[in-house]
Amino acid sequence: MLKKALSSVLSEKESEDLISAFDQIGDIIIVRIPNSLLPKKKIIGETLLNEVKIARSVFYQASDVEGDFRTRNLEILAGEDNTETEYKEFGCKFIVDVEKAFFSPRLSTERERIANLIQDGEVVTNMFAGVGMFSVMAAKKKKCTVYSLDINPVASKLCEKNIELNKLTGKIISINGDASRIIEEQLENKSDRTLMLLPERSDEFLKSAISTTKNEGIIHYYSHIHADKKSEAGKLSEEHYLQVTPVKSEILGSKIVRAVGPRYYQTVVDVKISK
């Protein structure tokens, strides 16, 4: 449908590249546009708004996600200039701000996987929780306690809204601040399971993740890995983890979460630690 709609503006290859580079989040579309197509960005935005019937706004992602708060710059191309929307996933509702707090719809399968692994009675530390997607999905499914940490105050406020929006089986405690400091002051040896959803800085925070995790607890260690062959990415991420960890660890498994660039992957290694 979209390819046909864009055919008057773009070549077939340009259309394919563009369609693979946009996300729909609630009634917002975010599109990444190559430099060669930037002169056509307004007409691209208007076409997408017209063709995707539930869309209220189309934004061009003008910068990568960056900084401690994990935010990005968005430029309105068509529709309403409002970056907050409601998003639904696996029976949960979320208020997200796609510019002011980190959120990715491309992690939905991983969110469901983690929620299914968590057991009733577990204590979980979610070190980089954003608006609370992993935390809410876990506490909706299981009678667990989740410490949901984020340094971005907007993300923490949205997490609190999302806790209220959903009927939870478990409990979420949202804490705004630096994850390392919060763990040092409040959460040492607290968690049965720890999530490290900051793949670009995982090594930097590994000691804090170990600190909050109990002996025989589990860490989900996310990282970005370069691999010439996709099939090698999981094994390479396991090898990297074993090189950097200071504690005895049993590898429970690894997988590719998503591709983030040519021969570049976000991976997760699930490990049980002994300390």
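Structure shown above.
Every value quoted in this text rests on a predicted model; they were computed, and no experiment measured them.

**Q** Just give me the short version of unusual backbone geometry, but keep the residues and values in it.
**A** The residue R70 is not glycine, and still its phi comes out positive at about 55°. Examined against the element boundaries, R70 turns out to sit in the loop between strand 3 (57–61) and strand 4 (74–79). Unusually for a residue other than glycine, N189 sits at a positive phi of about 55°. Structurally, N189 is set in the loop between helix 7 (179–186) and strand 10 (191–196). Under the relative-accessibility criterion, N189 is labelled partly exposed at 43%.

**Q** I'd like a description of the pattern of salt bridges, backed by residues and values.
**A** Throughout the structure, instances matching the rule amount to 16 salt bridges. One salt bridge in this structure joins E89 and R111, with 2.7 Å as the shortest N-O distance. Here the residue E89 occupies a position in strand 5 (residues 84–89), and R111 occupies one in helix 4 (residues 108–117), the gap between them amounting to 22 residues. Assigned by exposure class, E89 and R111 land together as buried. Several salt bridges share partner residues, and in doing so they unite E110, R113, K255 and D270 into one network.

**Q** Explain the side chain of T245 to me, using residue names and the numbers behind them.
**A** You can see T245 is positioned in the loop between helix 9 (233–244) and strand 12 (248–261). Taking the relative accessible area as the measure of exposure, T245 reaches 13% and is therefore buried. Within the local environment of T245, its side chain forms a polar contact with the backbone nitrogen of V247, the two atoms lying 3.4 Å apart. Not counting residues up to four positions away in its chain, the partners in contact with T245 are L206 and I210.

**Q** Residue-level account of the sheet that holds strand 2 (residues 28–31), with values.
**A** Strand order in the open sheet made by the 4 strands is 1-2-3-4, with mixed pairing throughout. Every other strand in the sheet has two partners, leaving strand 1 (22–25) and strand 4 as the edge strands with one partner each. Within this sheet the neighbouring strands show an average axis-to-axis angle of 25°, counted without direction. Contacts from helix 3 (residues 41–51) reach strand 1, strand 2, strand 3 and strand 4, with the element oriented near 55° to strand 4.

What counts, and at which threshold
Residues numbered from 1 in each chain as written. Predicted model: local features only at pLDDT ≥ 70, side-chain atom pairs only at ≥ 80, totals over all residues. Heavy atoms only, no water. Helix = DSSP H or I, 4+ residues; strand = E, 2+ residues; numbered from the N terminus. Buried < 20%, exposed > 50% of the residue type's maximum accessible area, 1.4 Å probe, protein only. Salt bridge = Lys/Arg side-chain N within 4 Å of Asp/Glu carboxyl O. Polar contact = N/O pair within 3.5 Å; in protein donor to acceptor, adjacent residues only side chain to side chain. Contact = heavy atoms within 4.5 Å. Pairing = 2+ DSSP bridges. Axes fitted to C-alpha atoms, helices over the stretch in contact; angles between N-to-C directions.

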